[in-house]
Amino acid sequence: MSEGRAAQLEYSEFQAAMLDEAKRRRKAAKIISVLAHFLGRENADPGKVLAGLTVGDVGCSAGFIADELAGAGASRTFGIDIDVPGLRKAADRFGGRVGFVCADGGALPFPDGSLDVLVFNHIYEHVVDPDAVIADMHRVLADDGVLYLGLGNRLGIMEPHYKLPFLSYLPPAAADRYVRAFGRADHYYERFRTRGGLRRMLAAFHVWDYTFPVLASPERFAGGELFPGPAGRAVRETLSRTPRAVLHALLPVVPTYLWVATKTPRRPLGGALPQPPEPVRTP
C-alpha cells in the first residue's frame, strides 16, 4: 500500500479545503456532538462537553477543529501534523489554548495511555502507513479513551477530493491518468480502503458506527446542512424509518463512515435515536 509514496508535506498549501474555516468548524461541531452522545454528555454546556479530558487532533493542519475541541472544554488540547505551513497558521491563531506539535502520526510524542480523546477525521487516505498511525493512536489512548474516526470508503462512487466518479476504484497508474486527463492533479496520491479493509485496520479496537444515526438525525449532530429544505426533511424521515436490514445492504457503498472506537468495551451513553449506533464487527 505504501510503496512509492512519500509523506504529504505542506498539504494545506495545495488542498484549499483545509483552509475553509467555516466548513472545518462545521465538521468540528459534528465531531463534538458525536463524542457528546457517546460519552453521555449531550446535555452538557457546549463549553464543557470535553471537560476534564485531554484531547488530540491527529492531522490538524490549520487547527480549526483543534480550536473547537479546546472550546468544548478540553483540559488540554493538542494538534498534531507534518503540515508545517498549516501548523504555523494554527499556532499563530490558536496557540494560546492549543499545543501544536509537528510529528508523524505513526510516532506520536505522547506517553502510553495519556490521551482521553483522539480525533482522526478524513486523514487515513493521505498517510503513507495508516496501520502504523492507528497502532500508535491505540498506544497513546487511555484505556477508557475514545477515538473519533471519519473514514472515506473506497467504494463510494464520487471521489471526495477531486470530484471524479469511480476514481478511488482504480489502480494507482490508471488513477494518475484519470486525474491528469481532467486537469485535477499530476498524481492521485490518496489510497482509500473498503469497509472490510477499514474493519481490519481497526481490529485492535471496539467500534461503534454512527454513520446512519447522524444521517437520520442530523439536527442532533450539528449536521443540519446535510439535508436542507423540504426535500431534506423527506430524506431524513425516510432514513429514520428505513429498516436497518435495508440500510445494512447500503453499507458497502456509503461514501463516508463515522465511527467511534475504544480500547476496552464501552457502549454509547447518549439518548435514544431513530437509527441508533451499532457495533462494528472487527476481525
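In this text the structure is predicted, and so the values were computed from the model without any measurement. (Residues numbered from 1 in each chain as written. Predicted model: local features only at pLDDT ≥ 70, side-chain atom pairs only at ≥ 80, totals over all residues. Heavy atoms only, no water.)

**Observations regarding the side chain of aspartate 81**
Then step 1. Tracing the backbone shows aspartate 81 in strand E2 (residues 76-81).
Then step 2. Comment: no salt bridge for buried aspartate 81; closest opposite-charge side chain is arginine 24, at 7.5 Å.
Then step 3. Within the structure, the side chain of aspartate 81 is placed 2.7 Å from the backbone nitrogen of serine 61, a separation counted as a polar contact.
Then step 4. There is a polar contact of 3.1 Å between the side chain of aspartate 81 and the backbone nitrogen of aspartate 83.
Then step 5. Contacts of aspartate 81, omitting those with residues within four sequence positions, involve Gly59, Cys60, Ser61, Leu87, Val101, Cys102 and Ala103. (Helix = DSSP H or I, 4+ residues; strand = E, 2+ residues; numbered from the N terminus. Buried < 20%, exposed > 50% of the residue type's maximum accessible area, 1.4 Å probe, protein only. Lys, Arg positive; Asp, Glu negative; His and termini not counted. Salt bridge = Lys/Arg side-chain N within 4 Å of Asp/Glu carboxyl O. Polar contact = N/O pair within 3.5 Å; in protein donor to acceptor, adjacent residues only side chain to side chain. Contact = heavy atoms within 4.5 Å.)

**Things to note about the nonpolar core**
Then step 1. Counting residues in hydrophobic clusters, the biggest one holds 44 residues, and the most contacted among them are Phe120, Met137, Leu147, Leu149 and Leu202.
Then step 2. Of all the secondary structure elements, the ones that give two or more residues to this core are E2, strand E4 (115-121), helix H5 (130-140), strand E5 (141-152), helix H6 (172-181), helix H7 (195-201), helix H8 (211-216) and strand E7 (256-262).
Then step 3. Those residues in contact with leucine 202 that lie beyond four places of it in its chain are Ile134, Leu147, Leu149, Val207, Ala261 and Thr282.
Then step 4. Core analysis: the second largest hydrophobic core is formed by 27 residues, Val34, Leu35, Val117 and Val146 among them. (Core = buried A, V, L, I, M, F, W, Y, C linked by side-chain atoms within 4.5 Å.)

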